[in-house]
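Single-letter residue listing:
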Amino acid sequence: MIMNERIIGQVKRINGPVIEVMGITDAEMFELVWVGREHLIGELIKLDKDSAVIQVYEDTTGIAPYDPVYGAGMQLSVELGPGMVGTIYDGIQRPLETIREISDIYIQRGISVPSLNRGKKWHFVPTVKEGDTVFGGMVLGTVRETENVLHKILVPPKDHGILESLVSEGDYTVEDVIAVLRMKDSQQKTLFLMQRWPIRVQRPTKKRLAMDIPLITGQRVIDTLFPVAKGGTVCIPGGFGTGKTMTQQALAKWCDADIIIYIGCGERGNEITDVLTEFPKLVDPRSGRSLMERTILIANTSNMPVSAREASIYTGITMAEYFRDQGYHVAVMADSTSRWAEALRELSGRMEEMPAEEGFPAYLPTRVAEFYERAGSMETLSSDQGSVTIIGAVSPPGGDFSEPVTQHTKRFIRCFWALDRNLANARHYPAISWLESYSEYLGDIESWWSEQVGQEWLADRTEIMELLHKEVRLQQVVKLVGPDALPDSQRFVLEVCTLFKNAFLQQNAYDKIDTFSTIQKQAKMLHIIVTYSRRGSEAIRKGATLIKLRKMKVYQDIAKMKFTIHNEDLSGLDKIEARLERSMDQLEALHV
Ligand SMILES: Nc1ncnc2c1ncn2[C@@H]1O[C@H](COP(=O)(O)OP(=O)(O)O)[C@@H](O)[C@H]1O
Ligand SMILES: [Mg+2]
């Protein structure tokens, strides 16, 4: 817990958040530093023999040459321990509410607030005993942090040895010593409910595991057509107003992760305010409790410099890894990584680095890759299983996906939910394009799906995807020669696709029933539409007309089923399916 503050140099030149330092004595790369008498927080990001470059996470107005620069003797780190869940942090893990209480409306500069509450006592229940040999990542005990989150207190990753002492069950602050470890070299190490970890360094695990369980989101177009595995990586690219934030928020609400880390990264001020005011009010549909009880928010307020935005991504992912190491499934939403990349660009420009495509630094792809690499399904150091799923929104200028951030991101993710401007304009939400989007996880998770909802699922999904692609070709014909030129069998394909888009793909986030569909509901809905398609084409082959198929009474039930059938009682869907089969039997009977 001790920081060795010392002077490491003096300010030479100030360029916004970027400060050159001269007369460096000893300092380390990525060291946490304080600048000037106000102690503005910064990080050392470039180190030469006797000079260095610092990025400062606060407004640098008033800093002057020869001001002292202090080093903290440790890298820019996050505090990990009870008290994170439900908190709203800024990009370098300062708790925004506590800061607001101290500094009125504007965040005072140089304000020093610990990330974790120092006074609060947590009830710690040990699960090991004195004399035990423990190793990095092992669980020492637990703290019930919220109703939803049992916080496991872990031995810091690099430590191992014999537990010389351990407190008994009771209430402790994050700074109370809970254990003393006798290490191999017979040195002692004190352990606390909290630990620190440098944000730019991946936390270690034993190994990567296969990703064969989907992250269920309750969003039909995602779960059924473009599923993501727990531990997977997703990119949501979309122009302004196409639904990136809505999609991220729907996932934050509904997905079946244990912990949600939502990084509001440099989007317009009012969007972040929305998140800050909306989220605490939201209720977890499963537990009936506030969603904040499993959520950590990171918000970059507009009065913070771009450097904090650059750091926020790493702050968030490090917290995610820490919960993963406890054996939890964590979902990280970053909205938007384009703003993060723009922060990189601005900082790089101020450092006078050679720009690459569209002014972004040449290391943009490396940074994007490093970020997404921190996702994964892992065997933890304590041989448990945990995962970090990353869902990053990208906001390409003008909605043009050929720009560098979208293109580079695409190289490192395996699931792509492309938001389509035309769909959004037509108020088809979620505006996820079924033609441009893809998921490379399908093969990994299909057996999970089949086990849950039956073997038919995969065949149904394949069939509907084929129809959606067939529709594109048919639409081209229609454009040239009009719909009348198509035979009924082909016009019926168009009919089925329209039904599928309206009755299945469109999902209203504001409708109480429709906002979330269980996988069972999704599978049954899909099967009903595919059955309508299969039996309908059969009927047409036998001579039935399109009009008759369209006029079936059950057609209206199918069109409305997403709104009428509750997740808790799917018997209504079975009835619709039975009615559909009967109607088709009757229709076919007319044409034998
Ligand atoms: N699933 C949805 N259901 C209903 N409305 C939606 C949905 N997705 C997006 N919208 C509408 O689109 C608007 C813009 O979405 P938003 O997520 O803010 O876009 P972006 O973040 O891409 O700029 C929302 O205010 C909402 O009216
Ligand atoms: Mg948005």
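Reading the values: rules and limits
Residues numbered from 1 in each chain as written. Chains lettered and ligands numbered in written order. Predicted model: local features only at pLDDT ≥ 70, side-chain atom pairs only at ≥ 80, totals over all residues. Heavy atoms only, no water. Salt bridge = Lys/Arg side-chain N within 4 Å of Asp/Glu carboxyl O. Helix = DSSP H or I, 4+ residues; strand = E, 2+ residues; numbered from the N terminus. Buried < 20%, exposed > 50% of the residue type's maximum accessible area, 1.4 Å probe, protein only. Pairing = 2+ DSSP bridges. Axes fitted to C-alpha atoms, helices over the stretch in contact; angles between N-to-C directions. Phe/Tyr/Trp six-rings, centres within 6.5 Å; stacked < 30°, edge-to-face > 60°. Lys NZ or Arg CZ within 6 Å of the ring centre and 35° of its normal. 1 Å grid on protein atoms, 1.4 Å probe; cavity = no way out; pocket = protein on both sides within 12 Å on 5 of 7 lines; lining within 4 Å. Points joined across faces, edges and corners; volume = space filled by probe spheres on them. Nonpolar A, V, L, I, M, F, W, Y, C, P; charged D, E, K, R; others polar. Domains from an automatic or database assignment. Contact = heavy atoms within 4.5 Å. Buried area = accessible area lost by both parts, 1.4 Å probe. Polar contact = N/O pair within 3.5 Å; in protein donor to acceptor, adjacent residues only side chain to side chain.

Visitor: An account of the pattern of salt bridges is needed here, citing residue identities and associated values.
Guide: Per the counting criterion, the structure on display carries 41 salt bridges. Between Asp 256 and Lys 230 there is a salt bridge, with its nearest N and O atoms 3.1 Å apart. Of this pair, Asp 256 sits in the loop between α3 (244-254) and β20 (259-264) while Lys 230 is found in the loop between α2 (220-225) and β19 (233-237), placing the two residues 26 residues apart along the sequence. Take Lys 230: its relative accessible area is 10%, and that puts it in the buried class. One network of salt bridges, in which partners are shared, links Arg 535, Glu 538, Arg 541, Lys 542, Glu 581, Asp 585 and Glu 588.

Visitor: Got a sec to walk through the sheet that holds strand β6 (residues 68-75)? Specific residues and values, please.
Guide: Here six strands make up a closed barrel; going around it, the order is β1-β2-β5-β4-β3-β6 and the pairing antiparallel. Along the sheet, successive strands turn relative to each other by an average axial angle of 45°, direction set aside. In terms of strand pairing, strand β4 (residues 40-47) meets strand β5 (residues 52-56) through five bridges, oriented antiparallel. Note that in β5 the partner of Glu 43 across the bridge is Gln 55.

Visitor: Can you lay out the packing of aromatic side chains for me, pointing to particular residues and giving the numbers?
Guide: Evaluation of the coordinates by the stated rule reveals 13 aromatic pairs. The ring centre of Tyr 314 lies 4.9 Å from the NZ or CZ of Arg 200, which sits over that ring. Taking NZ or CZ as reference, Arg 345 lies 4.3 Å from the ring centre of Phe 360, over its face.

Visitor: Lay out empty space enclosed by the protein in plain terms, naming residues and giving numbers.
Guide: Within this structure, the stated rule accounts for two cavities of 30 Å³ or more. Considered as a void within the structure, the largest cavity measures approximately 40 Å³ in volume. What lines the largest cavity is simply Gly 137, Leu 154, Pro 157, Arg 203, Pro 204, Asp 325, Thr 380, Leu 381 and Ser 382. Considered class by class, the residues forming the lining of the largest cavity number four nonpolar, three polar and two charged. In this structure, the lining of the largest cavity is formed jointly by two domains, domain 2 (122-193) and domain 3 (207-440), each of which donates at least three residues.

Visitor: Pulling in residues and values, what's your account of the side chain of Gln 219?
Guide: Mapped onto the elements, Gln 219 comes out in the loop between β18 (207-208) and α2. What makes Gln 219 buried here is its relative accessible area of 7%.

Visitor: Run through the domain arrangement of the protein, naming residues and quoting values.
Guide: What the domain assignment lists for the protein is domain 1 (6-75), domain 2 (122-193), domain 3 (207-440) and domain 4 (454-589). Here domain 1 and domain 3 have C-alpha centroids that lie 31 Å from each other. Each partner contributes to the interface: domain 1 provides twelve residues, whereas domain 3 provides eleven residues. Approximately 930 Å² of surface area, both sides summed, lies buried where domain 1 meets domain 3, with 60% of it carried by carbon and sulfur atoms. If you sort the residues of domain 1 by the area they bury against domain 3, Pro 17, Gln 55 and Tyr 57 come out on top, with a joint share of 46%. If you look at where domain 1 meets domain 3, you find one salt bridge. As a salt-bridge pair, Glu 352 and Arg 13 come within 3.3 Å of each other at their nearest N and O atoms. The interface formed by domain 1 and domain 3 includes four residue pairs in polar contact (both at pLDDT 80 or more). For the side of domain 1 that touches domain 3, the secondary-structure elements that each account for two or more residues are β1 (6-15) and β5. Broken down by element, the residue count for the side of domain 1 that touches domain 3 peaks at three residues, all from β5.

Visitor: Could you give me a rundown of the sheet that holds strand β15 (residues 177-183), with the residues and numbers involved?
Guide: What the four strands build is an open sheet, ordered β10-β13-β15-β16; its pairing is antiparallel. Single-partner strands in this sheet number two, and they are β10 (133-135) and β16 (188-192). Averaged over all neighbouring strand pairs, the angle between strand axes comes to 45°, with direction disregarded. With five bridges joining them, β15 and β16 adopt antiparallel strand pairing. Residue pairing for β16: Ala 179 is matched across the bridge by Leu 191.

Visitor: Now, about the pairing of β4: what can you tell me, with residues and values included?
Guide: With respect to burial, β4 is a largely interior element, six of its eight residues being buried. As paired strands, strand β3 (residues 31-35) and β4 are joined by four bridges and run antiparallel to one another. Across the sheet, residue Trp 34 finds its bridge partner in β4, namely Ile 41. Where β3 folds back onto β4 in an antiparallel hairpin, the turn is made up of four residues, including Gly 36, whose phi is positive at roughly 70°. In this antiparallel pair of consecutive strands, β4 and β5, the connection spans four residues.

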